[in-house]
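Here is how the chains run, residue by residue.
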Amino acid sequence: MHGTTRRAFIGAGIATLVGGSKALGQSGTGRGNKPHVVVVGGGAGGATVARHIAEGGAGSVDVTLVEANKTYQSCFFSNHYIGGFRELRSLSHSYDNLGSKYSVAVIHDQAIDIDKDAKKVELKNSTLRYDILVLAPGIDFIEGSVRGWSLADQDRMPHAYKGGLQAQVLRSQIDAMPQGGVFAIVPPSGIYRCPPGPYERVCIVANRLKTTNPTAKIIIADPKPVFSKMGLFREAWKKHYKGMIEMNSDVDMTKFRVDPKEMTIHLDGEIIKVDACNVIPDQKAGTIAHVAGIVDDNWAPVHAEDMRSKLDENIYVLGDASNQGDMPKSAYAANSQAKVCASAILARLEGKAAAPARYRNTCWSWVAANDSVKIGANYTATPEKIAKVDGFVSRRRESADIRQKTYSESLDWYSDITSDMFAI
Ligand SMILES: Cc1cc2nc3c(=O)[nH]c(=O)nc-3n(C[C@H](O)[C@H](O)[C@H](O)COP(=O)(O)OP(=O)(O)OC[C@H]3O[C@@H](n4cnc5c(N)ncnc54)[C@H](O)[C@@H]3O)c2cc1C
């Protein structure tokens, strides 16, 4: 209960829209003597928690979801779009069912400030009062982490690491490469979303070029000496894309730079002309978490048992923005955290003890046609962090049958998680 009773919540927490538009007032948000949960960010963490609080609360809680975009375009599986074997519309999801099935009030606006004392979220066009706030804003980039690159260069050297147009920009650049051209990728260092994502992307791009542009070359300039599923990726590169990929590990980022105007990268004292360049900068919690003052360094520390902020007891942080312990930053993890969080918030509002937290994650990576690998684990809540209990990872030289099944599992997972998030 974190020292707050249900009565205290109901008394303090008449959900109110301050200065909102007529349409929002008519949506029912902030009406009635109910606790009000406001969720900022409608991605893997935010959409899931909004749905599950509204569903589990069965009308006893007002849930408002604030999401900047009208349609959610998932980053997860965006590599499949870049590879040309998935349409963009299959990655695009509407929030309509959250409203029609579970009465979540969805507001498409941007949260720009949070007043923790007054328990208010300021949006561009209105202000919301909350009893409980859930922040799930995903990531933003650390400016200056790749010398020569800034967000203003994202159309010339795309990151394609957030939803939106970026995946399209990257795919068209790859398709426009001249025969024998060069594709460069700069993976991030530190803690970042989807640890295997950049290396799956290398497989995807290599596969695309293999048929359309077989003499093209891929240069990886990686600040890290090791990376997720490294043995499996290296095996796949050797088996499927021999001679196409040049791996540069442990690159000194104080010397490395890119020049988006000239379309060059400066690597090991050499200036290399590139035709397409995917710069994935270092990352931090989405800006609103920093604005809220609940971030310690780059990420927002949370209690492992319920994802509650360690810096404000009325705020919870989900998904990539959180610093929770051992879980990787993935949609699977955000979804798993959201379900624990939803159940803990409902228990808190009812004055009950929350069920023990159990978390899971699996990250699948496509390495070639009908050939996918995976890594995953179960986790528990300790007083310090979400701690890994046990895990698994695909093995090298697995049979084609196993790899095909792993690929099929990944497709099923995409369908399951998006159904869960968007109440499809
Ligand atoms: C190429 C790639 C491949 C990936 N593959 C996988 C995979 O196979 N499996 C997997 O599990 N994960 C994968 N991921 C990771 C996954 O996409 C993220 O970990 C996941 O989306 C994190 O969920 P989230 O809710 O924290 O953030 P997001 O899903 O990014 O959602 C954040 C939302 O918050 C909104 N928002 C942010 N700030 C505000 C604000 N101030 N006001 C209003 N709205 C705001 C944004 O518009 C966004 O919709 C992949 C990522 C990439 C880039």
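Above this text sits the structure in question.
What you are looking at is a predicted structure, and each value in this text was computed from that prediction instead of being measured. (Residues numbered from 1 in each chain as written. Predicted model: local features only at pLDDT ≥ 70, side-chain atom pairs only at ≥ 80, totals over all residues. Heavy atoms only, no water.)

**Focus: the overall build of the protein**
Point 1. The helix and strand tally for the protein stands at eleven helices and 25 strands.
Point 2. Here the C-alpha atoms of the protein give a radius of gyration of 22 Å, agreeing with the 22 Å that 2.2 N^0.38 yields for 424 residues.
Point 3. Expressed along its principal axes, the backbone C-alpha trace of the protein runs to roughly 70 × 45 × 35 Å.
Point 4. Across the 424 residues of the protein, 56% fall into the buried class.
Point 5. For the protein, the proportion of contacts with a sequence separation of at least 24, taken over those separated by at least 6, is 67%.
Point 6. Looking at the protein as shown, the accessible area adds up to about 17,700 Å², and 49% of this sits on carbon and sulfur atoms.
Point 7. Averaging the coordinates of the 51 positive side-chain charges in the protein and doing the same for the 46 negative ones gives two points 3 Å apart. (Helix = DSSP H or I, 4+ residues; strand = E, 2+ residues; numbered from the N terminus. Rg over C-alpha atoms; globule rule 2.2 N^0.38 Å. Buried < 20%, exposed > 50% of the residue type's maximum accessible area, 1.4 Å probe, protein only. Contact = heavy atoms within 4.5 Å. Areas by Shrake-Rupley, 256 points an atom, 1.4 Å probe, with all protein chains shown as cover. Lys, Arg positive; Asp, Glu negative; His and termini not counted. Charge placed at Lys NZ, Arg CZ, Asp CG, Glu CD.)

**Examining the site of the ligand**
Point 1. Surveying the vicinity of the ligand reveals 35 residues, the closest of which are G45, E67, Y72, R193 and D320.
Point 2. Between the ligand and the protein, one listed contact pairs an oxygen atom with a backbone N or O atom of G45 at 2.8 Å.
Point 3. Contact between the ligand and D320: an oxygen atom at 2.9 Å from a side-chain N or O atom of the residue.
Point 4. When the free accessible area of the ligand is taken as 1,000 Å², the share hidden by the protein chains comes to 92%. (Near = heavy atom within 4 Å. Polar contact = N/O pair within 3.5 Å; in protein donor to acceptor, adjacent residues only side chain to side chain.)

**Describing the pattern of salt bridges**
Point 1. Considering all chains together, one arrives at 18 salt bridges under this definition.
Point 2. Here the residues in one salt-bridge network are R51, E55, K339 and D420, joined through shared partners. (Salt bridge = Lys/Arg side-chain N within 4 Å of Asp/Glu carboxyl O.)

**A short note on the packing of helix α7 (residues 197-212) against helix α8 (residues 230-240)**
Point 1. Interaxial distance between α7 and α8 falls to 10 Å at its minimum, and their mutual angle equals 10°. Classified by the angle between their axes, α7 and α8 sit roughly parallel to one another. Counting all contacts with α7, which are made through Y199, E200, V202, C203 and K210, the residues of α8 involved are F233, W237 and H240.
Point 2. The residue makeup of the contact of α7 with α8, split by class, is five nonpolar, one polar and two charged. (Axes fitted to C-alpha atoms, helices over the stretch in contact; angles between N-to-C directions. Parallel < 35°, antiparallel > 145°, perpendicular 65-115°, else oblique. Nonpolar A, V, L, I, M, F, W, Y, C, P; charged D, E, K, R; others polar.)

**Observations concerning helix α11 (residues 400-422)**
Point 1. In a regular helix each residue adds 1.5 Å, so 23 residues correspond to 33 Å; α11 covers 33 Å between its end C-alpha atoms and thus fits that length.
Point 2. Among the residues of α11, R403, T406, Y407, S410, W413, Y414, I417, T418, D420, M421 and F422 are the ones counted as buried.
Point 3. Backbone geometry just downstream of α11 places A423 in the positive-phi region, at approximately 50°. (Expected span 1.5 Å × (residues − 1).)

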